Amino acid sequence: MSSQSLSQTAAEIDSAATEPAALHHPETVARQARPLRFITCGSVDDGKSTLIGRLLWDTKAVKEDQAATLRRDSTGKQNELGLPDFALLLDGLQAEREQGITIDVAYRYFSTDRRSFIVADTPGHVQYTRNMATGASTADLAVLLVDARAGILEQTRRHATIASLMGIRQFVLAVNKIDLADYDEARFRTISRDFREIALSLGVRQVTAIPVSALKGENIVMRGGEVMPWYGGPTLVETLEKATQRTGQTTGFRLPVQRVSRPGEGFRGYQGTVAGGSIKPGDSVVVLPSGVEANVKAIVTYDLVRNAAVAGDAITLVLDRPVDVARGDMIAAIDQRPQTGRAFNARLVALSPDGIVPGKRYWLKAGARRQRVMVRPTSALDLTSGNWDDASFLPVNGIGVVELDFEDTAIFDTYETNRETGAFILIDPESLNTVAGGMIDGKRSKSGRFDALPDADRATITLPARLLETFLKTEFARAHAGEIRVAGPEEVDGE
Amino acid sequence: MNVIEHGRGKPPLDPHLKALENEAIHIFREVAAEFERPVMLYSIGKDSSVLLHLALKAFHPGKLPFPLVHIDTGWKFPEMIAFRDQVVARHGLDLIAHTNPEGLRDNVTPFSHGSARYTDIMKTQALKQALDIGRYDAAFGGARRDEEASRAKERIYSFRTPDHAWDPRNQRPELWSIHNGMIHPGESVRAFPLSNWTEVDIWRYIQAERIELVPLYFAERRKVVERDGMLILAEDKRLELLPDEQVREEMVRFRTLGCFPLTGAVRSQATTLDEVIEELEIATVSERQGRAIDRDQSGSMEKKKREGYF
């Protein structure tokens, strides 16, 4: 990991995290960061359960009575190091234990002196893309696991694609079972190089590759220096301790209003969690969708009347004048407003067996705002080739680009700029199930195109005509379809 | 209206606890806004104490927009009931205590019916009755994912059928911090604001926020008897000693609080919060080790949850 890619959050903890992890001293200092959330991607064969089990075991997150339950369940199944079968520790539901597979997202907790961690443990098979998307939605980082003997597989590319799609910009490649590959440095280098190419093609530059043996505990929490003298990089836990967090600071102030508090005469506060930027008394804000403007009078919390609040804070905001604000409205910075409109483009992951049906009306929920929406898929991602092909229906686990049409005003930022205000779920109006998770790409103007960009801000590239089709099927081109103007030799202006 | 400030002179929370607090407050507000008849399950223990504290924060400067329900089996530690009544009075809470009337009539006790049937009748069935009587469509609980294997897969909004059953194979996905609170008539959710907290987080938060607890959490010389490998408190007249059992006085405390005949004490010298936390950070057994009801059989928490338990 290059020091240049560390954000402020990481820089703050960086000074504390340069020494190897020391675990569980009772007199720990207050943790200096919020929990790092990460997702693990890989299959049973790659040793994913062993890896997570090892993390929990070596950070002492597994207690003796839990280990004893494992021993009782596992009918003597232990590995050669005398450790319990970690998969049993992780697969909490009886159905899973019986089938020997992980069917859902499970959350695990462990901590070191420096930081605490929340792991979303998700299954690896294609049919569980939706579970992976769920786990990835809140993750700051993805740990991708490969078997050193097998190298990069199709599923590695698939997992990396889903993780990047869900907004994860930091990858750790754990090259596992390196002990079974004779601790071969050349093998590790080849796999890392192949993976970096995949990551770069997805726009992810922050990649740390680590040779590990989860079974033997090498380079997970403890160093594997003796058997891998050629590796001088960080262990997995050191990498996680130094990882950065997305702060949602790239947009101005955002407060999706959850509820209006009117406990008595004279007090009217707007309660919600700051979803971007910061705020202090005296700042000017706009209430959306109404567009009414006001100034912040006070930020009320149970503890203190505060003089500032930042992204992530659950607050009660008091404005300086009586304005009409309801649940589902957004209070935003007056000079950095989100996009408002009735037509947006988005990418979706279909979560329900029914898929996403063109022209069907769904409920869309974003923050505290719930409204009717018509959804029309236009293309779908082929996870094997990485191409975006034309499509009008998304089956379960399908990932696609869709057009959203609202009956009233919708308020969004792009997912790229704000993961809180750029994300939404779709709810089926009959079953009331959550049937999709979506990420806003941008607003669509009435003509069906993105808002036009002035020519002064445009640049031109040319490429051989035979490459054009390939280029237009890339994720980048699809995500920016409305901004790209295609002109052939005949000067055809099309999309 | 004057806004009261509770935090004078208290150092700010570290970012880790602050993040957990923010998340819990967000969940409280979302459920209160989206459901018609929310209620909070209050069990008097440390997790419930944290849960209540967070609820007071979430709705400040207003009062809690929902009542509390306490499922009273009749076999709770007497100190718990006294503490409960103090808390209710101090915060002006609307608390409903419910005991299963049939269980009471049939004199169902942990001794006469065994822990599994007793728990089902006096806790699970009683809880369902209380929820049905109040027609509550959302119930806050203090369960944490780190407590037990099946809870690791529990959602923040846990959907329950009209019979209060939990189907782990058919849960709604939860992405980002967007919660789907839409339900059909008769269905309900259990909402868990403490999902992402660990036991250490709970204790650190209690310390940082100076939250009051039932004194049973701190070590004291107490009368105990050893039964089935557990140290049972021997202060209640209803506890009948078996022939070879002897009451001893020992320095003990409790890591979790339930019904006294089913909750094991741990030998401990930790009389203060600092000492409890220190003890916890070097502990090698989990807190649920002292709970008899988890040990009936492997997977028994999942089984109870399917039947409507928290």
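Values in this document were obtained by computation on a predicted structure and should not be read as measured data.

Calculation criteria
- Residues numbered from 1 in each chain as written.
- Chains lettered and ligands numbered in written order.
- Predicted model: local features only at pLDDT ≥ 70, side-chain atom pairs only at ≥ 80, totals over all residues.
- Heavy atoms only, no water.
- Helix = DSSP H or I, 4+ residues; strand = E, 2+ residues; numbered from the N terminus.
- Buried < 20%, exposed > 50% of the residue type's maximum accessible area, 1.4 Å probe, protein only.
- Contact = heavy atoms within 4.5 Å.
- Areas by Shrake-Rupley, 256 points an atom, 1.4 Å probe, with all protein chains shown as cover.
- Pairing = 2+ DSSP bridges.
- Axes fitted to C-alpha atoms, helices over the stretch in contact; angles between N-to-C directions.
- Expected span 1.5 Å × (residues − 1).
- Arc of directions from axis to C-beta.
- Parallel < 35°, antiparallel > 145°, perpendicular 65-115°, else oblique.
- Left-handed = near helix turned anticlockwise from the far one by under 90°.
- Salt bridge = Lys/Arg side-chain N within 4 Å of Asp/Glu carboxyl O.
- Right-handed = clockwise from strand over helix to strand, strands pointing away.

Chemist: Is there a simple way to think about the overall build of chain A in this case?
Modeler: The secondary structure content of chain A amounts to 11 helices and 23 strands. Of all 495 residues assigned to chain A, the portion counted as buried reaches 56%. Sequence-distant contacts in chain A: of pairs separated by 6 or more residues, those separated by 24 or more amount to 70%. Counting only carbon and sulfur atoms, one obtains 49% of the accessible surface of chain A, whose full area is about 20600 Å².

Chemist: Help me understand the sheet that holds strand β3 (residues 116-121) of chain A, please; the structure alone is not making it clear to me.
Modeler: Two modes of strand pairing occur in sheets, parallel and antiparallel, and in both the strands are linked by backbone hydrogen bonds. All names here are of chain A. With mixed pairing, six strands are arranged side by side in an open sheet as β2-β3-β1-β4-β5-β6. Every other strand in the sheet has two partners, leaving β2 (106-111) and β6 (206-211) as the edge strands with one partner each. Looking at each pair of strands side by side, their axes are set apart by 25 degrees on average, direction ignored. Bridge count between strand β4 (residues 141-147) and strand β5 (residues 170-176): six bridges; the pairing is parallel. Residue Leu-144 lies in a different strand from β5, and its bridge partner there is Leu-173. Lying on the sheet, helix α6 (residues 129-137) is in contact with β1 (36-41), β2 and β3; it crosses β1 at an angle near 160 degrees. Helix α8 (residues 185-201) rests against β4, β5 and β6 of the sheet, and its axis sits at about 160 degrees to β6.

Chemist: Help me out: how do you make sense of α8 of chain A in this one?
Modeler: Working note: α-helix, 3.6 residues per turn, so residues spaced by three or four point in the same direction. Residue and element names in this part refer to chain A. Given a rise of 1.5 Å per residue, 17 residues ought to cover 24 Å, and the 25 Å separating the end C-alpha atoms of α8 matches this to within 8%. When we look at burial in α8, the residues that qualify are Phe-188, Ile-191, Ser-192, Phe-195, Ile-198 and Ala-199. With its buried residues spanning 120 degrees around the axis, α8 presents them on a single face. Facing away from the buried side of α8 by more than 90 degrees, the exposed set consists of Glu-197, Leu-200 and Ser-201. Taken from the residues just after α8, Gly-203 is the one with a positive phi, measuring 85 degrees.

Chemist: It is not clear to me how the sheet that holds strand β7 (residues 220-227) of chain B should be interpreted in this structure. Could you clarify?
Modeler: Residue and element names in this part refer to chain B. Spatially, the four strands line up as an open sheet ordered β8-β7-β9-β10, and their pairing is antiparallel. Every other strand in the sheet has two partners, leaving β8 (230-233) and β10 (266-267) as the edge strands with one partner each. The pairing of β7 with strand β9 (residues 248-253) spans five bridges and is antiparallel. Across the sheet, residue Glu-220 finds its bridge partner in β9, namely Val-252.

Chemist: What's the story with the packing of α6 of chain A against helix α7 (residues 154-165) of chain A in this structure? I'm lost.
Modeler: A pair of packed helices can be characterised by two numbers: the angle between their axes and the separation between those axes. Residue and element names in this part refer to chain A. Taken N-terminus to C-terminus, the directions of α6 and α7 make an angle of 45 degrees; their axes are 9 Å apart at the nearest point. Between α6 and α7, the angle is such that the two are oblique. For the pair α6 and α7, the crossing hand works out as right-handed. Side by side, α6 and α7 meet where Thr-129, Met-132 and Ala-133 of the first sit next to Arg-158, His-159, Ile-162 and Ala-163 of the second.

Chemist: Could you clarify how one ought to interpret the pattern of salt bridges in this entry?
Modeler: If the charged atoms of two oppositely charged side chains come close together, the side chains can form a pair. Considering all chains together, one arrives at 47 salt bridges over all chains under this definition. Among the ionic pairs, Arg-144 of chain B bridges to Asp-47 of chain B, the shortest N-O distance being 2.6 Å. Of the two residues, Arg-144 of chain B sits in the loop between β4 (138-140) and β5 (157-160) while Asp-47 of chain B sits in helix α2 (residues 46-59), which places them 97 residues apart along the sequence. Exposure remark for Asp-47 of chain B: the relative accessible area of 14% places this residue in the buried category. Shared partners join several salt bridges into a network, and the residues in it are Asp-303 of chain A together with Lys-18, Glu-21, Lys-57 and Glu-209 of chain B.

Chemist: For this particular structure, what's the right way to read the pairing of strand β3 (residues 95-98) of chain B?
Modeler: Residues and elements named next belong to chain B. As paired strands, strand β2 (residues 68-71) and β3 are joined by four bridges and run parallel to one another. Bridging across to β3, His-70 finds its partner in Ala-97. You can see the chain leave β2, run along helix α3 (residues 78-91) and come back into β3, and the turn it takes is right-handed.

As far as function goes, none of this settles anything; it's purely spatial.
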